[in-house]
Amino acid sequence: MNPILQQDLNDIEKILEKVKRQGIDFLHSIDTIPTSTKNSITTDRNLNDSGLGALSTLEEFNKRLAPLMVSQAGPRYWGFVTGGATPASIVGDWLTTIYDPNAQATKAQGGVSALIEIETINLLLQLLDLPKSFLGGFVTGATMSNFTCLAVARQWFGNQLGKDFAKNGISEPIHILTATPHSSSVKCLAMLGIGSQNFIKIKTNEGNREAIDIADLEKNIESLNGKPFILISSAGTVNTADFDDFNAITKLKEKYNFWWHIDAAFGGFAACLPKYNHLVDGWKNADSITIDCHKWLNVPYESAFYLVKEQHKNLQIETFQNSNAPYLGNPLENFSYLNFLPENSRRLKALPVWFSLLAYGKQGFQDIIENSVAMALQFDDFITQNEDFELLAPTRLNNVCFTLVGDHNQDKVNLFLTHLNDKGKVFMTPTVYENRKGIRASFVNWRTNENDIRIAIEEMKASVLELGIE
């Protein structure tokens with residue numbers, strides 16, 4: 001064995017103890033670590049011949065690379081709908097790294113860790129009050145979850161025309177209907193060869209809404225004259241956390257032939273709360289659903305899962321099976337995620353979720369979601385009452401979409417946000433809503449509390465004064 005590798009093996013307890021201590025120190029101080037940094041490095045480091053060993057490399061990391069890290073998992077990082085990592089999820093993530101399985105098979109001599117994934121999906125269905133008629137699996141994030149679901153939808157579309165798009169390629173125009181798709185869904189249309197601009201945009205409801213106008217949807221359906229189509233709908237739009245009317249879409253599904261996909265990356269967790277679960281009434285009738293775990297479930301990046309109705313499993317296999325690898329066996333008789341989703345190499349992303357669900361149960365996640373909504377409403381109250389800011393849309397769940405007051409300040413919105421983010425106490429992201437520049441604050445982190453809201457408010461007030469905004 002290489003002598004440095006042998007030394008690291010001999011010192012593994014010391015190495016991991018040092019990393020553990022560093023991790024604990026970071027987590028204990030995460031609320032004081034900046035949310036943004038201007039630190040940088042040159043990226044032309046030379047690779048040394050003999051190697052430094054793990055401990056010396058850790059020293060270099062702490063000197064050169066650690067200053068690049070911000071508290072993205074902290075309580076005041078409100079950009080991109082970013083969660084944190086609960087203690088139980090960290091346990092699951094560390095053990096995933098230690099055991100290091102390629103999670104694929106449920107019956108195999110070489111490992112059956114996919115059984116953990118199937119059990120975790122079952123637990124998630126219980127948390128979200130969804131039926132066991134869905135089959136699910138873990139992918140890296142909402143983009144790959146949307147990709148997985150829409151790839152099966154693409155295969156379904158071809159099947160309606162007697163075509164196998166997975167084998168022979170897309171030979172017919174695919175009809176996509178949607179109102180306010182997340183950018184990841186549009187990206188998936190590009191990756192799937194459908195085309196990022198190849199969708200029919202449905203009107204949204206009147207009254208400052210992002211939800212599908214059902215009447216306009218049906219009008220566009222009728223114009224297809226019975227042709228199949230794919231509907232992409234939303235459970236929590238990215239700007240204003242708006243929800244489509246799933247009961248109304250269910251009724252349309254009884255009349256028309258289409259694949260119904262729901263992007264519920266964060267909004268799906270509204271199902272956990274009696275006060276908000278009406279927002280997802282009817283979503284169980286969808287053909288596929290996308291949900292992120294590194295958002296409201298607060299597990300480490302990267303983690304999401306897809307749900308596809310079991311009745312479509314043959315289409316899913318047609319889409320993803322390793323058809324030129326006969327040694328993998330019959331995909332229906334010998335279940336393997338190899339044949340149900342894009343990756344042939346997969347980390348056991350289910351384990352941090354499994355630990356989280358068992359550690360905190362339904363009540364724990366209800367408390368996290370209730371707290372996030374409460375913090376969003378507190379922040380909303382500040383925006384509403386402060387003369388320097390105004391809401392761009394009602395705060396429906398956990399996203400607060402706002403801007404500087406008045407059209408005369410539109411050219412200062414990005415300047416204000418850059419100045420605020422550079423201070424490193426809170427981080428938010430820019431947006432454009434109804435042709436107005438805005439700012440979006442997303443509340444999903446389990447640590448966020450009232451003191452964090454107070455700190456953010458003071459920093460915002462100070463930034464207004466420092467920039468002379470009126």
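What counts as what
- Residues numbered from 1 in each chain as written.
- Predicted model: local features only at pLDDT ≥ 70, side-chain atom pairs only at ≥ 80, totals over all residues.
- Heavy atoms only, no water.
- UniProt positions renumbered as here; feature names shortened; annotations may be inferred.
- Helix = DSSP H or I, 4+ residues; strand = E, 2+ residues; numbered from the N terminus.
- Contact = heavy atoms within 4.5 Å.
- Buried < 20%, exposed > 50% of the residue type's maximum accessible area, 1.4 Å probe, protein only.
- Salt bridge = Lys/Arg side-chain N within 4 Å of Asp/Glu carboxyl O.
- Pairing = 2+ DSSP bridges.
- Axes fitted to C-alpha atoms, helices over the stretch in contact; angles between N-to-C directions.
- Domains from an automatic or database assignment.
- Buried area = accessible area lost by both parts, 1.4 Å probe.
- Patch = residues over 30% accessible without salt bridge, like charges linked within 9 Å, V, L, I, M, F, W, Y side chains within 5 Å.
- Areas by Shrake-Rupley, 256 points an atom, 1.4 Å probe, with all protein chains shown as cover.
- Core = buried A, V, L, I, M, F, W, Y, C linked by side-chain atoms within 4.5 Å.
- Phe/Tyr/Trp six-rings, centres within 6.5 Å; stacked < 30°, edge-to-face > 60°.
- Lys NZ or Arg CZ within 6 Å of the ring centre and 35° of its normal.

Participant: What am I meant to see in the UniProt feature "modified residue: N6-(pyridoxal phosphate)lysine" (unreviewed entry) in the protein chain here?
Facilitator: Feature annotation in UniProt assigns "modified residue: N6-(pyridoxal phosphate)lysine" (unreviewed entry) to the following positions: Lys-295. Examined against the element boundaries, Lys-295 turns out to sit in the loop between β6 (288-292) and β7 (304-309). Those residues in contact with Lys-295, other than ones at most four positions away along the chain, are Phe-80, Val-81, Gly-83, Ala-265, Phe-266 and Val-444.

Participant: Explain the environment of Met-375 here, please?
Facilitator: As for its placement among the helices and strands, Met-375 is situated in helix α12 (residues 350-385). Assessed through its relative accessible area of 4%, Met-375 is described here as buried. Between the alpha carbons of Met-375 and Asp-407 there is a distance of 27 Å; along the sequence they are 32 residues apart. With near-sequence residues (within four places) excluded, Met-375 lies in contact with Phe-443, Thr-448, Asn-449, Glu-450 and Ile-453.

Participant: Mind showing me how you'd approach the pattern of salt bridges here?
Facilitator: Any two side chains of opposite charge can pair, on the condition that their charged atoms come close. Following the criterion strictly, the structure yields 18 salt bridges and no others. Between Asp-452 and Arg-76 there is a salt bridge whose closest N-O contact spans 2.7 Å. Taken together, the residues Asp-452 in helix α14 (residues 450-467) and Arg-76 in the loop between α3 (54-65) and α4 (87-99) connect sequence positions 376 residues apart. Asp-452 gets classed as buried once you look at its relative accessible area, which sits at 4%. We classify Arg-76 as buried; its relative accessible area is 6%. The salt bridge partner of Arg-436 is Asp-407, with a shortest N-O separation of 3.5 Å. With a gap of 29 residues between them, Arg-436 in strand β11 (residues 436-442) and Asp-407 in the loop between β9 (399-404) and α13 (413-422) connect regions that are remote in the sequence. Here the salt bridges share partners, and the residues they tie into one network are Arg-45, Glu-60 and Arg-64.

Participant: Is there a simple way to think about the sheet that holds strand β3 (residues 200-201) in this case?
Facilitator: The strands making up a sheet associate through hydrogen bonds between their backbones, and the pairing can be parallel or antiparallel. Taken together, seven strands build an open sheet; the order of strands is β1-β7-β6-β5-β4-β2-β3 and the sheet is mixed. The open sheet has two free edges, formed respectively by β1 (134-139) and β3, since each of these has just one partner strand. As defined by bridge partners, strand β5 (residues 258-263) adjoins β6 across three bridges and the pair is classed as parallel. Looking at β6, one finds that Ile-262 is bridged to Ile-289. Contacts from helix α5 (residues 114-127) reach β1 and β7, with the element oriented near 115 degrees to β1. Running at roughly 170 degrees to strand β2 (residues 176-178), helix α9 (residues 214-223) makes contact with β2, β3 and β4 (229-234) of the sheet.

Participant: Whenever I open this one, the domain arrangement of the protein chain confuses me. Can you help?
Facilitator: Interface size is commonly expressed as the accessible area that is lost once the parts come together. Entries for the protein chain in the domain assignment read domain 1 (1-39 + 51-67), domain 2 (90-356) and domain 3 (361-467). Using only C-alpha atoms to locate each centre, domain 2 and domain 3 end up separated by 30 Å. With 24 residues of domain 2 in contact, the opposing surface of domain 3 contributes 26 residues. Its largest share of buried area at the contact with domain 3, domain 2 owes to Asn-208, Asn-239 and Trp-296, together 32% of the area lost on that side.

Participant: Explain a nonpolar patch on the surface here, please?
Facilitator: Together, Met-1, Leu-5 and Leu-9 make up an exposed nonpolar region whose accessible area comes to about 350 Å². Along the chain, the position of Leu-5 falls in helix α1 (residues 3-10).

Participant: Would you mind going over the nonpolar core with me for this structure?
Facilitator: For soluble globular proteins, nonpolar side chains are generally found buried alongside one another. Judged by nonpolar contacts, the single largest core of 58 residues is most densely connected at Trp-283, Ile-289 and Leu-297. Here this core takes eight residues from α12, the largest share from any one element. In contact with Trp-283, not counting residues within four places along its chain, are Leu-128, Leu-130, Phe-134, Phe-246, Ile-262, Ala-264, Gly-268, Ala-271, Ile-289 and Ile-291. Counting 30 residues, the second-largest nonpolar core is a separate cluster that includes Trp-156, Cys-188, Ile-232 and Tyr-337.

Participant: Whenever I open this one, the packing of aromatic side chains confuses me. Can you help?
Facilitator: The relative placement of two aromatic rings is captured by the distance of their centres and the angle of their planes. Applying the stated rule across the entire model yields 18 aromatic pairs. On the numbers, 6.4 Å between centres and 75 degrees between planes, the contact of Tyr-360 with Phe-365 is edge-to-face. The class for Tyr-360 is partly exposed, based on a relative accessible area of 31%. Ring pairing ties together the aromatic residues Trp-78, Phe-379, Phe-382, Phe-389, Phe-402, Phe-416 and Phe-443, which thus form one cluster. Sitting over the ring of Phe-258, Lys-253 keeps its end group 4.9 Å from the ring centre. In this structure, Arg-346 is placed above the aromatic ring of Tyr-337, and the distance from its NZ or CZ to the ring centre is 4.6 Å.

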